[in-house]
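Overview (structure and organization)
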Amino acid sequence: MSAATDIAPAQPRRPFLSPINQRRWANFRANRRGWWSLWLFLAFFTLTLGSEFIANDRPIVVSYEGELLFPAFVDYPEARFGGFLGTPDYRGDFMEEQIAANGWAIWPPIHFSYGTVDGYQPGSGATPPSWLLSRDEVCSRYPLGVDDPDCSWSNFHWLGTDGEAHDVLARLLYGVRISILFGFTLTILSSVVGLFAGAVQGYFGGWLDLIAQRLIEIWTAIPALYLLLIISSVIAPSFWVLLGILLLFSWVSLVGIVRAEFLRGRNFEYIAAARALGVSNMTIMWRHLLPNAMVATLTFMPFILSGSVVTLTSLDLLGLGLEPGTPSLGDLLFQGKENLQAPWLGLTGFFAIAILMTLLVFIGEAVRDAFDPRKAFA
Amino acid sequence: MTTPAPLLSVRDLTIAFGANLATRDVSFDIAPGETLALVGESGSGKSVTALSVLKLLPPTAQLSGQILFKGQDLVTAPPAELRAVRGNDISMIFQEPMSSLNPVHTIERQIGEVLAIHRGLRASAARARTLELLDAVGIADPKSRLAAFPHQLSGGQRQRVMIAMALANEPDLLIADEPTTALDVTVQAQILVLLKDLQQRLGMAMLFITHDLGIVKTIADRVCVMTEGQIVETGPVVPLFAAPQHAYTRHLLAAEPRGTPPVSDPAAPTIVEVTDLKVWFPIKRGLLRRTTGHIRAVDGIDLSIRRGETLGVVGESGSGKSTLGYALLRLIPSTGRIVVLGNELQSRSWKAMRPLRADLQIVFQDPFGSLSPRMSVDQIIGEGLAVHQPRLNAAERDARVVTALEEVGLPPAARFRYPHEFSGGQRQRIAIARALVLEPEFVVLDEPTSALDVSIQAQVVDLLRDLQQRHGLTYMFISHDLKVVRALANRLIVMRDGKIVEQGDAAAIFAAPQQDYTRTLMAAAFNLAAPPIRDQAPPVAPS
């Protein structure tokens, strides 16, 4: 008998998403444009995350003398393959023959990485996309011409090459990836800092708020670009250095709204109720007020993300961004500017940025509408 | 005497919002010069009915049926004809005097607008008529008020201006949608007297929408009782109230808070003692924000509460009664001495207050604002437990939450749901459970019934009384509603402008108030029929 009563009846548990969030999610899904944009964006992003598997100058898997090797991830010395150089050139004739003789290799569909210089590109400087040329032209530099087995579609330049004989498609994939990753990191870090600063100001108010507000006003008055110019002439601008410098200025963008949300929220009755229960300030801020501020934050996030991507692109275009050679959208635009006779460079850069921005803005609009209280509670 | 043709005749009015029916087959007539009251609790469809007469409903509403005004069907009338009727033949007063006047226009301009549209009165003619109207609605020194903006007027004055606007064109029918609900009791009484007086002078009919049965008794000739979108009973006021036919009417009439507070032990120890409590908010002016004066929200209050008793704190809005409650729990800074359960509170830091908070709890007025919409009920109730009894494991905490829910009459399964899934009364029960789960000694109840419907009010009052007896709780019950206070309080404090006007044994004060202000409050609350006249014998309410 007691065993039977011990077994709790199947109880309705709390749903994973609170009802408000369920309604928001439904609202977001109802916005077809934003919903599809999200999927497209995620598809592109996932694709670029696997850039090494799509465009690389090394095979993904090699079977060499019965042994499985993964050159895309591990640097093997050429001695491993019977050569004497430090780093093997897998695209070279020697490696090709060695692997063909002793095993097999699985290559990514594009045989160029972002830094690979194509010695067989048809012509000098920036060359047009392969599909704009006849097969004779494309294969003109290969030793055996049209009959050369290497003159296959995986060695074609689908979006042409830039002034340094790099494959544009490969650079695009890696460039988009670094832009989005940089954008995400910057967005998340500046949101965290901004949320914290705004929360403290809004919740405690008074002198703390007053002084912090004035400091932020002074801080935002500093021309960020000039400071970047100065700093980047002193420190080599790596990914993290650039992130740090941009973060110095980008965190203020959220402070205003978060502060306003906390200022408004701290007078709610359920905050007074929590205070009467003896809940600590930090817990009140975290548990009761942050969800309110998150609405404004999440609404802004896609726009901050697109802003971060644009900032990085413009710095790269000006040559103040990531170190030279790093594939980026800004570098692509710079190449386009330098090679006006090669419109595929500028057009690729333009369309990549335009599509990325459009998707992010559509997603942002859908998120904003989904969080709109008039819709969420309708 | 032949019955005159009805001025307004509503026939089978059904209003739907999508699949939801707001009203179903509502029919009623209003004769010229008559006052018809539409009574019902929130959600009964009474306001929607009133708005539909002038077709002021949102565009999503679908109307069917007939609304005949002087023989013309307003449901099918084209917009131009409707505009000629609105504000001219039929006008309306709304509930919120704060939001129904435009804050950026002067009084003169707002009243003048109505006159200009329907009568073509301009400049001096309009001004003369405006003065006449303001005088008629009892605004003192109307000339100086012409240039005033709404925020410069009190709530009662604003409602008078609204009435002046509604009466500007001497309408045949005045629709009053809860015109006194947002006002203090004494002001309420004045506005009702004014409305009744104006109605008799101008001979207009009135459709009066309210949830307050006391007002109905005073003002209406006939009454329609509405619930769930239907009129369940119609008839002249006196016989209907004397012998209600429908079960809902009986339920509504029986719903007024009743009963007497549990007898308290006069020898019980004093657990709350407050001496010279002051909450002053500085008024800062000028560039340097110098303090030029203070708003004295609470101004030197002394009180003491014995274990197991209920101290009622009564006053109109702005009297400082809620501020007193907040200050007592140190939710807002104050000066003066507060001793609770032998602990001096003022000298304690925020952190040092925490161990005491389990014994000092508060229930707020608005059950919609006091529960976080993002937390489920078990998180809301369990939050205090997590602070004060962190050693409890999940199962023990859950058991405490279930017990608390059962104490306030909610099923245990309710703990997995979110506040918006509950009605106002149920939410207030959740808020009470949140306070009770910590097993407090002393609970401040800050108008816990004001936001609730009458029948729910009575249930919550019964629940509070029951809990007090079961757990030996001590209450400080803050309210403007004397009927509720009478059902709960052992002792009473009457507050005005931050000061105590009168205090003493509750029964004694209710029987024979000593101060004029208390008498006015009582007259307004218990005997709306009589205007608040001082020398009238204080009413002894039947119970």
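Residues numbered from 1 in each chain as written. Chains lettered and ligands numbered in written order. Predicted model: local features only at pLDDT ≥ 70, side-chain atom pairs only at ≥ 80, totals over all residues.

1. Section: the overall build of chain B
Within chain B, the secondary structure is distributed over 19 helices and 20 strands. For 543 residues, the compact-globule estimate of 2.2 N^0.38 gives 24 Å, and the C-alpha radius of gyration of chain B, at 26 Å, lies within 12% of that figure. Counting only C-alpha atoms, chain B reaches 70 × 55 × 50 Å along its principal axes. Taking all 543 residues of chain B together, 45% fall into the buried category. (Helix = DSSP H or I, 4+ residues; strand = E, 2+ residues; numbered from the N terminus. Rg over C-alpha atoms; globule rule 2.2 N^0.38 Å. Buried ≥ 20, exposed ≤ 12 C-beta atoms within 10 Å, placed from the backbone.)

2. A few points about the overall build of chain A
A tally of helices and strands in chain A yields 16 helices and three strands. Against the globule reference of 21 Å for 378 residues, chain A gives a C-alpha radius of gyration of 27 Å, more extended than a compact globule. Counting only C-alpha atoms and orienting by the principal axes, one finds that chain A spans roughly 85 × 75 × 40 Å. Residues counted as buried form 38% of the 378 residues belonging to chain A. Once local pairs closer than 6 in sequence are excluded, the contacts in chain A between residues at least 24 apart make up 70%. (Contact = placed C-beta atoms within 7 Å.)

3. A look at the interface of chain A and chain B
Counting residues at the interface gives 19 residues for chain A and 24 residues for chain B. For the side of chain A that touches chain B, the secondary structure elements donating two or more residues are helix 2 (19–30), helix 12 (269–277) and helix 13 (281–318) of chain A. It is helix 12 of chain A that provides the largest number of residues to the side of chain A that touches chain B, a total of eight residues.

4. Notes on the sheet that holds strand 8 (residues 205–210) of chain B
Residue and element names in this part refer to chain B. With mixed pairing, six strands are arranged side by side in an open sheet as 6-7-8-3-9-10. Edge positions in the sheet fall to strand 6 (90–93) and strand 10 (230–236), since each has one partner strand and no second. Adjacent strand axes in the sheet meet at a mean angle of 15 degrees when their direction is disregarded. In terms of strand pairing, strand 3 (residues 35–39) meets strand 8 through five bridges, oriented parallel. By the bridge assignment for strand 8, Val39 is matched with Thr210. Running at roughly 175 degrees to strand 6, helix 6 (residues 155–167) makes contact with strand 6 and strand 7 (173–177) of the sheet. (Pairing = 2+ DSSP bridges. Axes fitted to C-alpha atoms, helices over the stretch in contact; angles between N-to-C directions.)

5. Regarding unusual backbone geometry
All names here are of chain B. At Lys70, a position not held by glycine, the phi torsion is positive, near 50 degrees. Mapped onto the secondary structure, Lys70 falls in the loop between strand 4 (61–69) and strand 5 (72–73). Unlike most non-glycine residues, Glu178 shows phi in positive territory, near 45 degrees. You can see Glu178 is positioned in the loop between strand 7 and helix 7 (185–202).

6. Describing the environment of Val138 of chain A
All names here are of chain A. Of note, Val138 is situated in helix 6 (residues 135–138). Assessed through the 24 C-beta atoms surrounding it within 10 Å, Val138 is described here as buried. As for Val138 and Asn155, which are separated by 17 residues in sequence, their C-alpha atoms are 9.9 Å apart. Other than its neighbours up to four places away in sequence, Val138 contacts Pro122, Ser130, Leu133, Cys151 and Phe156.

7. Considerations on the packing of helix 15 (residues 424–436) of chain B against helix 16 (residues 454–471) of chain B
Residue and element names in this part refer to chain B. The interhelical angle for the contact between helix 15 and helix 16, taken along N-to-C directions, is 20 degrees, at an axis separation of 10 Å. When the interaxial angle is binned, helix 15 and helix 16 end up roughly parallel. Judged by the sense of rotation from one axis to the other, the crossing of helix 15 with helix 16 is right-handed. Packed against helix 15, whose contacting residues are Gly424, Gly425, Gln428 and Leu436, the element helix 16 presents Ile456, Gln459, Val460 and Leu467 at the interface. Within the contact of helix 15 with helix 16, the residues separate by chemical class into four nonpolar, four polar and no charged. (Parallel < 35°, antiparallel > 145°, perpendicular 65-115°, else oblique. Left-handed = near helix turned anticlockwise from the far one by under 90°. Nonpolar A, V, L, I, M, F, W, Y, C, P; charged D, E, K, R; others polar.)

8. Notes on the sheet that holds strand 14 (residues 335–340) of chain B
All names here are of chain B. One open sheet holds the four strands; their spatial order is 12-11-14-15, and the pairing between them is antiparallel. Here the strands that pair on one side only, and so sit at the sheet edges, are strand 12 (290–306) and strand 15 (343–344). Summarising the sheet, strand 11 (residues 270–285) and strand 12 pair through 13 bridges and their orientation is antiparallel. When the bridges of strand 12 are listed, Leu277 appears paired with Ile301. In this fold helix 11 (residues 321–328) packs onto strand 11, strand 12 and strand 14, with an angle of close to 75 degrees to the strand it touches most, strand 12.

9. Concerning the confidence of the model for chain B
Residues and elements named next belong to chain B. Residues at a pLDDT of 70 or more form 96% of chain B, whose mean pLDDT is 84. In this model residues 529–543 is a low-confidence stretch, pLDDT under 50, and it forms 24 contacts with partners more than four residues away in sequence or in other chains. What the predictor reports for the complex is a pTM of 0.75 with an ipTM of 0.72. (pLDDT = per-residue confidence, 0-100.)

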